[in-house]
Amino acid sequence: MSGRPRQNGPAQAKALQFKLVLLGESAVGKSSLVLRFVKGQFHEYQETTIGAAFLTQTVTVDGVTVKFEIWDTAGQERYHSLAPMYYRGAQAAIIVYDITNRDTFERAKSWVKELDRQARKDIVIALAGNKFDLSNKRMVEVEEGSAYAQEHNLIFMETSAKTGDNVSNVFVEIAKMLPKVEPKPNNNGQTVRIDDNQEAQNGGGPGCCSKN
Amino acid sequence: MGDEDTTSVRSTTNGTIPAPSSCLPEEAIEARSSSTTPTPHDQVTENLPSTSRLQDLEPQSRSRLCAESASDHFVSRPRSNASDYASNPRSPRASIDLGLKECSGESSQNGGESSHNATPAKLNLDIDSELAKSLLNGSLTSVDEVELVVEDNEDLIMESPSVHQKEFSPEASSELSAEFAGETGVPGEEGASSGAGSGGSVVSELEPGAMVEPVGRTSSGRDLQLVTPGDTVSDDEGSETVSEVPLPVEDDSEELGAQEYPPEWYTKQKHVFIFSEAGKPIYSRHGKEENIVGLYGVMQALLSCVQDNSDDLNCIRSSDRLFVFRCHPPLMLVAVSDTTECEEQIARQLKYVHHQAVFFLTQSHLARLFKNRHNYDLRRQLTGLPKFFNGIIEFVEEEHSFLLESVQCLPMPQSLRNEVTATLLSNRCPELVFAIVLYERQIISVVRPKQYAITPQDLHLLMNYVQTGSTRGHGEKWAPCCLPDFNDGGYLYIHDSYISETVNVSLVLITNEREQHITMINCKQRIVEQMVAQKTMDKLEEIISTPFLSSDTKIPHLRHFVYKSKSSQQLVSPEYTVPYNSDEDRRSLHTKYCHVYDKLHHSDQKMSIYYDIDSRESVVGYLMSSSEIYCTFSPFVTRPVALNNIDKLLKWIRREENRFFILGSGVY
């Protein structure tokens with residue numbers, strides 16, 4: 001990636017790299033979330049992703065620089081069979097649904113199940129209810145998403161790529177939960193099983209926007 | 001024959017053409033019967049290669065398609081007023097010839113009479129204004145001539161010297177109708193009301209009922225039987241049948257109503273449609289497919305009528321439009337054009353559109369999708385992809401490289417190109433199959449294995465993919481894609497990304513292993529790093545900022561040119577400059593190139609030089625054994641001067657060819 005702006009260039013030395021994958025039904029706003037996070041931009045008519053797109057972005061959490069290698073996958077069904085190659089080695093995943101479309105929430109649940117079965121055990125998963133700016137048209141209540149997330153030990157937030165609400169928070173929360181030790185992620189994974197702790201931390205988080 | 005035909009035609013067409021309404025089934029029936037009557041076999045054989053023009057017919061007979069075919073189906077489907085079908089084997093220019101073979105046993109099933117006729121008969125299809133309208137929107141009203149060209153299994157039957165028209169013999173028509181009836185499923189939207197069917201009494205009578213009927217008939221063969229008898233008889237029966245069967249079709253027809261399309265829709269220069277063999281809409285270049293469902297039905301009906309006779313419908317001409325049909329199972333493609341492009345060019349464009357679908361889905365996957373689900377709605381698989389179809393259509397309409405079946409390289413010093421190629425080769429990993437550096441629609445470098453080439457067509461698809469699905473600002477893309485010429489049954493995996501911050505230079509890495517996305521990213525990273533270290537990128541940016549212009553050649557009066565080297569399938573062409581400032585000017589010049597190309601390549605007479613001179617410019621096309629060139633001069637240049645300048649230009653290009661073409665290298 002030629003010269004993509006990195007926020008925390010200087011801290012490179014300590015940067016930890018993590019693979020993160022975005023999953024979810026098509027048109028829920030995965031690419032928009034990534035674009036908001038990486039470039040701070042939003043396009044009303046974001047082009048449909050074909051296959052998958054790869055981007056990187058770094059954030060600093062507690063003095064540690066974390067570099068995310070982000071796989072933004074296409075939501076269309078015809079690319080479903082390719083998903084495993086993106087999440088198989090991923091340390092983190094954001095599963096996105098559209099709060100104005102209940103079907104996408106159901107699809108998100110099935111992604112959670114698929115990751116439970118097939119992703120690495122220590123994967124950190126965030127559930128993002130996107131399009132919070134359209135909350136007057138919401139079809140999925142905050143409580144419902146939050147409850148499901150708690151039940152499955154997921155980070156939960158409602159986000160808006162359009163306004164930027166909670167977008168970087170999702171990544172930051174994920175970064176907090178990832179192992180900060182250099183060694184192989186595998187070992188850490190267990191330790192990191194921070195999910196539990198996390199809940200405590202993020203417990204307030206589920207409210208997302210309010211949290212903001 | 002001409003006389004007879006024309007008369008018959010008139011009857012159907014004469015009246016002003018009202019809104020597109022369904023053709024009267026009855027009419028169709030009659031027509032069929034008539035056509036069949038004459039000695040079938042003899043006619044058939046004769047007819048095979050002919051196309052006919054309605055214009056030859058009397059003036060009154062305007063927009064009708066005459067199809068000579070054995071098939072009765074043909075008539076039935078269109079629902080258009082296929083009223084007149086005369087079987088005159090030798091008419092100067094009959095209407096449409098379908099070089100169909102004999103009707104098969106199908107016809108026999110229908111009414112007895114019909115069966116007889118069916119076998120060898122030829123059909124004249126009249127597609128009145130309705131069809132025209134429905135397809136084109138009302139523009140057809142002025143149609144003076146309609147020409148249908150059908151491919152007899154193997155051969156394209158373009159206009160052949162001996163054209164056969166069919167007369168309406170009442171008898172013959174009956175058969176056809178029967179079979180058509182058998183073909184169901186066509187939304188009968190179109191049948192234009194034959195308005196005042198002045199000529200044929202039959203027609204006029206039929207019309208009222210006709211609109212409705214088409215649908216009903218298609219479904220069942222009985223209509224056919226009814227039809228068989230005389231014209232009048234058939235009419236009556238037909239109408240009855242119609243009334244009996246109300247139909248889904250009617251709804252369609254309503255949809256088709258001219259009013260349904262916004263006015264702009266009719267003014268588009270070229271429409272492109274894709275649909276499935278079952279007539280399900282897949283893509284429409286303009287407008288939403290769901291708004292023109294009925295139209296798809298009509299197109300599908302036309303195609304399948306002819307296919308039922310083991311033949312293919314290739315194109316229909318009206319005075320101002322060209323309808324080109326191509327079947328690439330399981331997809332059917334239709335273009336409706338009022339450009340000056342010839343059928344061959346449009347057919348090639350449709351092939352590209354088909355390849356665009358294969359590019360994302362592969363031919364084998366497409367076939368699988370439809371194998372057990374004839375009614376499958378392919379649009380589910382195409383979410384987000386219509387823009388690529390739009391993109392490839394624009395590409396083929398604008399690009400010299402499409403016209404000349406070649407690729408254009410970005411002109412640059414050979415040393416720089418070699419530097420790029422060397423960088424690709426030195427960072428190549430075993431999984432990599434092709435590596436390509438593109439600047440928009442021009443090639444900078446290609447690296448490929450010795451045993452595999454990559455065709456211009458595949459490269460065009462890649463350019464469209466990269467350009468249309470621009471990754472600028474959204475990272476690197478990784479997607480499974482199929483290069484149809486390379487292997488239309490399997491995927492390759494394509495990684496593409498822009499490698500310059502300021503210009504649209506992109507790197508495309510292609511592997512056949514789907515799990516190698518990380519490898520490709522790393523490979524790309526190494527290539528970019530090396531390019532930065534060598535300042536290759538800076539050099540490329542400089543080259544791009546100083547484009548190649550026709551003035552560089554120092555040839556007087558030369559405004560623009562396109563030169564193709566046949567052996568390398570590469571072309572060179574300068575940027576457009578004054579006076580070609582606007583898109584419209586450029587398109588107009590490109591259209592001229594297309595015209596000259598067409599004259600040189602598709603004329604009956606072999607020509608090696610063709611001049612096209614008007615008040616704006618003179619365009620000269622020159623075919624040579626290993627190359628071809630198209631030059632644009634000012635309109636005041638005399639031919640000797642133009643030829644002399646072309647000669648100088650050819651020598652100049654040869655001297656500079658290292659700059660313009662990729663010669664060797666890049667192979668591992």
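The structure contained in this document is the topic of the report that follows. Since the model is a prediction, treat every value here as computed from it, not as a measurement.

**Here we look at the overall build of chain B**
Logical step 1: The helix and strand tally for chain B stands at 27 helices and 21 strands.
Logical step 2: Counting every position in chain B, which comprises 668 residues, the buried fraction comes to 63%.
Logical step 3: At a minimum sequence separation of 6, the contacts of chain B that also span at least 24 residues come to 77%.

**Observations regarding the overall build of chain A**
Logical step 1: Across its full length, chain A holds seven helices and six strands.
Logical step 2: Listing each helix as α and each strand as β along chain A from the N terminus yields β-α-β-β-α-β-α-β-α-β-α-α-α.
Logical step 3: Buried positions account for 57% of the 212 residues belonging to chain A.
Logical step 4: Taking contacts inside chain A between residues at least 6 apart in sequence as the whole, the part at least 24 apart equals 73%.

**What about the sheet that holds strand β18 (residues 570-572) of chain B?**
Residue and element names in this part refer to chain B.
Logical step 1: Strand order in the open sheet made by the six strands is β11-β18-β17-β21-β20-β19, with mixed pairing throughout. Only two strands of the sheet have a single partner each, and these edge strands are β11 (407-408) and β19 (609-613).
Logical step 2: Taken together, the three bridges between strand β17 (residues 558-565) and β18 define a ladder with antiparallel strand orientation. Paired with Lys564 across the bridge in β18 is Leu571.
Logical step 3: Along the sheet face, helix α25 (residues 583-602) touches β17, β19, β20 (618-623) and β21 (627-633) and points at about 135° away from the line of β21.
Logical step 4: Running over the sheet, helix α26 (residues 639-655) touches β17, β18, β19, β20 and β21 and is turned about 125° from β21.

**Description of the interface of chain B and chain A**
It is common to give the size of an interface as the accessible area lost on bringing the parts into contact.
Logical step 1: Contacts between the two partners involve 28 residues from chain B, matched on the other side by 27 residues from chain A.
Logical step 2: Interface area for chain B against chain A, summed over the two sides, is near 2,300 Å², with a carbon-plus-sulfur share of 54%.
Logical step 3: Together, His474, Glu476 and Trp478 of chain B form the three largest contributors to the area buried by chain B at its contact with chain A, with a combined 24%.
Logical step 4: Inspection of the region where chain B meets chain A yields two salt bridges.
Logical step 5: With its nearest N and O atoms 3.0 Å apart, the salt bridge here joins Arg88 of chain A to Glu515 of chain B.
Logical step 6: Taken together, the residues of the side of chain B that touches chain A break down into 13 nonpolar, eight polar and seven charged.

**Some words on the packing of aromatic side chains**
Residue and element names in this part refer to chain B.
Logical step 1: For the coordinates displayed, the defined rule picks out 30 aromatic pairs over all chains.
Logical step 2: Between the aromatic rings of Trp265 and Phe273, the centroid separation amounts to 6.4 Å while the plane-to-plane angle is 45°, which identifies the pairing as tilted.
Logical step 3: Here Tyr283 and Phe389 contribute two aromatic rings whose centre-to-centre distance is 5.1 Å and whose plane-to-plane angle is 35°, an arrangement assigned as tilted. A residue pair is termed long-range when its members are at least 10 positions apart, and Tyr283 in strand β7 (residues 281-284) and Phe389 in helix α18 (residues 386-398) qualify at 106 residues.
Logical step 4: Taken together, the ring pairs in this structure connect Trp265, Tyr266, Phe273, Phe275 and Tyr296 into an aromatic cluster.
Logical step 5: The ring of Phe402 has Arg348 lying over it, and the distance from NZ or CZ to the ring centre is 4.1 Å.
Logical step 6: A cation over a ring is seen here: Lys477 above Tyr465, with NZ or CZ 4.0 Å from the ring centre.

**A few points about the environment of Val620 of chain B**
Residues and elements named next belong to chain B.
Logical step 1: Tracing the backbone through its elements, the reader meets Val620 in strand β20.
Logical step 2: Distance in space between the C-alpha atoms of Val620 and Phe561 is 9.2 Å, their sequence separation being 59 residues.
Logical step 3: With residues near it in sequence (within four places) discarded, Val620 still touches Ile609, Tyr610, Tyr611, Ile629, Tyr630, Cys631, Phe633, Ala642 and Ile646.

**Side note on the nonpolar core**
Logical step 1: Grouped together as the largest cluster of nonpolar side chains are 119 residues, with contacts concentrated most on Leu127 of chain A together with Leu378, Leu462 and Tyr465 of chain B.
Logical step 2: Residue contributions to this core peak at 10 residues, all from helix α16 (residues 343-361) of chain B.
Logical step 3: Discounting chain neighbours no more than four positions away, the residues touching Tyr465 of chain B are Ile50 of chain A together with Phe359, Phe360, Phe388, Lys477, Ala479, Cys481, Ile494 and Asp496 of chain B.
Logical step 4: Leu20, Phe37, Ile155 and Ala161 of chain A belong to the second largest nonpolar core, which has 33 residues in total.

**A look at the sheet that holds strand β2 (residues 52-61) of chain A**
Strand pairing within a sheet occurs via backbone hydrogen bonds; the two strands may be parallel or antiparallel.
Logical step 1: The strand order β6(A)-β5(A)-β4(A)-β1(A)-β3(A)-β2(A)-β14(B)-β15(B)-β16(B)-β12(B)-β13(B) describes an open sheet built from 11 strands, whose pairing is mixed. Here the strands that pair on one side only, and so sit at the sheet edges, are β6 (155-158) of chain A together with β13 (442-447) of chain B. Between one strand axis and the next, the sheet turns through 20° on average, direction left out of account.
Logical step 2: Where strand β4 (residues 92-98) of chain A lies against strand β5 (residues 124-130) of chain A, seven bridges are found, and the strand directions are parallel. Looking across to β5 of chain A, one finds that Ala93 of chain A is bridged to Ile125 of chain A.
Logical step 3: The sheet strands contacting helix α3 (residues 102-118) of chain A are β1 (16-24), β4 and β5 of chain A, and the helix crosses β4 of chain A at an angle near 160°.
Logical step 4: Most of the contacts of helix α4 (residues 142-151) of chain A go to β6 of chain A, to which it runs at about 165°, and overall it touches β4, β5 and β6 of chain A.

**With respect to the environment of Val61 of chain A**
Residues and elements named next belong to chain A.
Logical step 1: For Val61, the location among the structural elements is in strand β2.
Logical step 2: The class of Val61 is buried, set by a relative accessible area of 3%.
Logical step 3: For the pair Val61 and Ile174, spaced 113 residues apart in the sequence, the C-alpha separation amounts to 10.0 Å.
Logical step 4: Apart from residues no more than four positions distant in its own chain, Val61 is found in contact with Val172, Ala175 and Lys176.

Thresholds, definitions, all that
- Residues numbered from 1 in each chain as written.
- Chains lettered and ligands numbered in written order.
- Predicted model: local features only at pLDDT ≥ 70, side-chain atom pairs only at ≥ 80, totals over all residues.
- Heavy atoms only, no water.
- Helix = DSSP H or I, 4+ residues; strand = E, 2+ residues; numbered from the N terminus.
- Buried < 20%, exposed > 50% of the residue type's maximum accessible area, 1.4 Å probe, protein only.
- Contact = heavy atoms within 4.5 Å.
- Pairing = 2+ DSSP bridges.
- Axes fitted to C-alpha atoms, helices over the stretch in contact; angles between N-to-C directions.
- Buried area = accessible area lost by both parts, 1.4 Å probe.
- Salt bridge = Lys/Arg side-chain N within 4 Å of Asp/Glu carboxyl O.
- Nonpolar A, V, L, I, M, F, W, Y, C, P; charged D, E, K, R; others polar.
- Phe/Tyr/Trp six-rings, centres within 6.5 Å; stacked < 30°, edge-to-face > 60°.
- Lys NZ or Arg CZ within 6 Å of the ring centre and 35° of its normal.
- Core = buried A, V, L, I, M, F, W, Y, C linked by side-chain atoms within 4.5 Å.

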